[in-house]
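# Survey of secondary and tertiary structure
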Amino acid sequence: MAARRRLQLGHACRGRPPPARPRRLPAPGLNAYSLIGRLTGAQPFEVLDRPGCRRIGSSGKLDLRINDPQDWDNFGAWNIDVQLYREPLQDGGFEEQRTSAVSPPWNVEGPDAKVVSASPTGANSGSKSAVLSSPGARVWNALSQPIPVRPHTDYVITGFFRTSGNVNTAFFGVRIPGMPAPAERHFGPAPGWCPPSAPTCFGQVSVPFNSGDHTTVTAFAGFWGVGAPAHMAIDDIRVLSG
């Protein structure tokens, strides 16, 4: 009986092995065996041979690897140039604001109401925007933020705005130390036109500037009161290096 049991066990061991489970790619949806990059808190991406920038709204460790579930047997070498650019202006879309009160890294200027609106229909993108309101007094109200820059470097600051129809006193740009006037654009009302499919759209405003000898400039967006109730919504402010 013992011998029969051993035979049966041996026969079972010589049987067909169970089917191998398919291995899962480290980055499903991207090309197998391509070079991929992963940054903490962000989705993996393919490292492409064409130049260009990829905006990733997080910070952390950058990991480069082959999109292969079994990467221990990968051999070879790549020459990879990686340029990391940290956007100097923080929370330009106001998505990191935790309450309706405007908080750092943004500063407020002027006496009237400034709130963070948490309504997707009131934002250019995401779910939040900042809103400045004036009851009518002809005073300045704005948001501002000091930002680090590289000396003698060309930049462009861009933002998206929507104002009440009576605002023609809006200003957007940067204050550069030692300069008699800011690098700014005077505009309003904004936007000039919205398609019927997006009646509450925002208008984009861009201002180029050079940092000169400085390592810090101050970004700002605001408007002067017009003698009647008025408002201005602000969203998606960015500073891009030339």
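You'll find the structure just up there.
Computed from a prediction, not measured in an experiment: that's the story for all the values here. (Residues numbered from 1 in each chain as written. Predicted model: local features only at pLDDT ≥ 70, side-chain atom pairs only at ≥ 80, totals over all residues. Heavy atoms only, no water.)

So, on to the sheet that holds strand β5 (residues 114-117). Pairing is antiparallel in the open sheet, where 5 strands are placed in the order β5-β6-β13-β8-β11. Each edge of the open sheet carries a strand with a single partner, namely β5 and β11 (203-210). Each strand axis lies, on average, 30 degrees off the axis of its neighbour in the sheet, ignoring direction. In this sheet, strand β13 (residues 230-241) lies alongside strand β8 (residues 154-163) in antiparallel orientation, the contact comprising 8 bridges. Each bridged residue has a counterpart across the sheet, and for Phe160 the counterpart in β13 is Asp235. (Pairing = 2+ DSSP bridges. Helix = DSSP H or I, 4+ residues; strand = E, 2+ residues; numbered from the N terminus. Axes fitted to C-alpha atoms, helices over the stretch in contact; angles between N-to-C directions.)

Here strand β6 (residues 129-134) runs beside β13; their pairing, made up of 5 bridges, is antiparallel. Across the sheet, the residue bridging to Val131 is Ala233, located in β13.

With respect to the element layout, Ser144 can be found in strand β7 (residues 140-148). A distance of 2.9 Å separates a polar atom in the side chain of Ser144 from a polar atom in the side chain of Glu109. Excluding residues that lie within four positions of it along the chain, Ser144 makes contacts with Pro105, Trp106, Asn107, Glu109, Arg175, Thr218, Ala219 and Phe220. (Polar contact = N/O pair within 3.5 Å; in protein donor to acceptor, adjacent residues only side chain to side chain. Contact = heavy atoms within 4.5 Å.)

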